[in-house]
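Here are the chains, one letter per residue:
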Amino acid sequence: MDLKNINPFIDAVTEILPQFGFQSLIQKGFSEKSKKIIASGVVITLGIVGDKKGNVVYCINQEGAKQIASIMMMGMPVEELDDMAQSALSELSNMLTANACINFSKEAVNVDISVPTLLFGENIELNLNKEEIICVEFDVDGIKMEICVALV
Amino acid sequence: MKNLRVMIVDDSTFSTAVLRKMLEKDGLEVVATALNMKDAIEKAKEIKPDLITMDMTLPDGNGIECSRELLKYVKETKIIAVSSMMDEEIIEKAKNAGIKAYLQKPVDSDGLKAAIEKLFAGEELYQILQDNYEEAFKESVFTFLKSEIGGEVELENYQLKYKGVRKSSGVSVAVGMIGRHKGRLIIDMSSNTALNMVKKILQDESQTLEEAIQFLSEFTNVIAGNACSLLNGLNRSFGLRVSPPTVIVGEDITISIGDMDSKSFMIKTDLGEAFMNIGVQKGDESWI
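Residues numbered from 1 in each chain as written. Chains lettered and ligands numbered in written order. Predicted model: local features only at pLDDT ≥ 70, side-chain atom pairs only at ≥ 80, totals over all residues.

Engineer: Outline the sheet that holds strand β6 (residues 78-83) of chain B, supporting the account with residue identities and numerical values.
Structural biologist: Residue and element names in this part refer to chain B. In space, the 5 strands of this open sheet follow the order β2-β1-β3-β6-β7, with parallel pairing throughout. Single-partner strands in this sheet number two, and they are β2 (29-34) and β7 (101-104). With strand direction ignored, the average angle separating the axes of adjacent strands in the sheet is 20 degrees. Direction of pairing for β6 relative to β7: parallel, over a ladder of 4 bridges. Its bridge partner lying in β7, A81 is registered against Y102. (Pairing = 2+ DSSP bridges. Helix = DSSP H or I, 4+ residues; strand = E, 2+ residues; numbered from the N terminus. Axes fitted to C-alpha atoms, helices over the stretch in contact; angles between N-to-C directions.)

Structure follows, in structure tokens:
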């Protein structure tokens, strides 16, 4: 498994999440997928173009997504995934991906990112049409967050 | 550049007079001048200028502090620092405070003009994008469907039932557009419509959902690619490129359109309906 495309995202998570006041950040294992991802809860996808081309997908379950949105909004209770919570999560994905871009540029790889697209539901099947999708799982204050990177 | 309303913040009446002369020569309107931070904040709140030239030394504070405070009230205003002091440390502080450009005194007229043009070029470009993206995408989708599936093709404006969200009909594709400004195209249709279209285009009744998904992915990619080419043709500075499509399949999926400037359409064809949403967003201004 080649981790060079996912490492910039791992560094982004490690740098950005503590700034929002998340206490514990544990990096779990890597996994490899091909072409498709199936996820339930909240899924945020961003396009990437430049020296590398592809997509990054952030997956969080519904409850976890509400908790993350709540922490991002200074502890404001988030009962349902409303506009505000969706906007907070989109912004987080934007920040993480933009930071990953900066990390790529340190290795002389220049990439730009699209606006995020946020989806929610059960058994969401995402077709990224790339043979190799590298995923990493994080435990963020007990919330499972998965990042999948399909970049060529 | 014309019609830009400028405020000059400088503790020197001489510098203010020089700047005013340069700005007015370029056709800009100087709507206010302020000699100190307090005056600057009061006037900016009231006048909301498009541009502020900011001196770094003020009798009751400094330009960094003043800019940071000002931008709390006038978020759309752009600030150019104009100061005799210029070193890496202060430039870094200026950037962090939200200042967009830094010029050293004595400022020459051409340098000031170039900085302002560059700063506002993005604004004009965004306006061009806003005025033209709808037509570009409509033309792109219409041309594709007319030539590939034929029959009646109609595009109707569509109002989202719930603010900012769309319940997927079964298969959706999102494609990002990335350039000086950004955008995104979403196309959503039922798996039946996608199947009907791929069967018609390939003249093959044995096509499966898997193949329909491939078709929809490519369809969206072509629509976005052609529309971006049309827009890039209007102004090369757009530099729009299309990111690889993501196809989303599922029975119970909601797509958040978000709070970007977007328009939705229902595409009506003989083979079924498709939903289309196109959104644009202003790109970040880079430091000048």
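So, next bit.
Engineer: A description of helix α1 (residues 7-16) of chain A should follow, citing residues and the corresponding values.
Structural biologist: Residues and elements named next belong to chain A. Those residues of α1 not exposed but buried are P8, F9, A12 and V13. Within α1, the buried residues cover an arc of 140 degrees as seen down the axis, which keeps them to one side. In this structure, the buried side of α1 is in contact with β3 (54-60), α3 (83-105), β6 (133-140) and β7 (143-151). (Buried ≥ 20, exposed ≤ 12 C-beta atoms within 10 Å, placed from the backbone. Arc of directions from axis to C-beta. Contact = placed C-beta atoms within 7 Å.)

Engineer: Can you break down the packing of helix α3 (residues 63-73) of chain B against helix α4 (residues 88-97) of chain B residue by residue, with the values?
Structural biologist: All names here are of chain B. Where α3 contacts α4, the two axes come as close as 9 Å, and the packing angle between them is 10 degrees. Judged by the angle between their axes, α3 and α4 are roughly parallel. Between α3 and α4, the residues in contact are I64, S67 and R68 and K93, A94 and A97, respectively. A per-class count over the contact of α3 with α4 returns 3 nonpolar, 1 polar and 2 charged. (Parallel < 35°, antiparallel > 145°, perpendicular 65-115°, else oblique. Nonpolar A, V, L, I, M, F, W, Y, C, P; charged D, E, K, R; others polar.)

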